[in-house]
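Residues per chain, in single letters:
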Amino acid sequence: DDFYLIVENLRLYVTSKEILSSGGGEGWPKPLYLGRRVLDRHDLNQVLNHGGPGYVLNKAALKLLVEKAFMQESCEPYRWKHSEDRFLGQCFRGVSVEPYDTRDHNFLHRFHVFTPYQIATGTWGGLGLWVKKYVCFDENEDKCQHGWDSVSKESISFHYVQPNLMKQIYAALYNICEFRQQSKRL
């Protein structure tokens, strides 16, 4: 796929006191639908988690989805759909599960709709208005700006990451000097 996942940060986040508490404590009895919240472009009164940077369901959310949400006529689980994230959000709304706000204590996002380069430079590839309207709907204007100050140190994922960029991110995160030497030989 085209997203990069920082597994260690995902593990730290889903095992944090915040998530344990929000999930109802030991065993996570309360459904959690984690990811990057965006406005549903077909219904601006609804929020869903964008599929690009991925989303996380705990056991209670998955059980509710399979046992109750899929039974709703509005969910249509057997119909082929192009925007699975939109329809998953629709299914969860039918059972009163809203996307959880996964921003860190500084209100910076952990799940990113774009690559690190796009975030650092603000080059949204012609999607600037879309970003302001649908992605940054719940933030004040300065938090929707680009630059490394807008990226959480607890980031979990980035979208639109192609294979070569995945290797570069991996090398930067894990300080793999061999990567630079090997890439010159390719």
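Everything discussed here concerns the structure shown above.
In this report, the structure presented in the accompanying data block is examined. What you see is a predicted model, and the numbers here were worked out from it, not measured in a lab.

Definitions and cut-offs
Residues numbered from 1 in each chain as written. Predicted model: local features only at pLDDT ≥ 70, side-chain atom pairs only at ≥ 80, totals over all residues. Heavy atoms only, no water. Helix = DSSP H or I, 4+ residues; strand = E, 2+ residues; numbered from the N terminus. Pairing = 2+ DSSP bridges.

**Regarding unusual backbone geometry**
For residues other than glycine, phi is negative in most cases, and the peptide bonds are mostly trans.
Link 1 in the chain: With a phi close to 60°, S96 is a non-glycine residue in the positive phi region.
Link 2 in the chain: Residue placement: S96 occurs in the loop between α4 (84-94) and β6 (100-101).
Link 3 in the chain: With a phi close to 65°, F107 is a non-glycine residue in the positive phi region.
Link 4 in the chain: With respect to the secondary-structure elements, F107 resides in the loop between β6 and β7 (111-112).

**Overview of the sheet that holds β7**
Link 1 in the chain: Strand order in the open sheet made by the 3 strands is β1-β8-β7, with mixed pairing throughout. The sheet is open, and its two edges are formed by β1 (3-5) and β7, each paired on a single side.
Link 2 in the chain: Of the strand pairs in this sheet, β1 and strand β8 (residues 157-159) are connected by 3 bridges, and their pairing is antiparallel. Of the residues in β8, the one forming a bridge with Y4 is F158.

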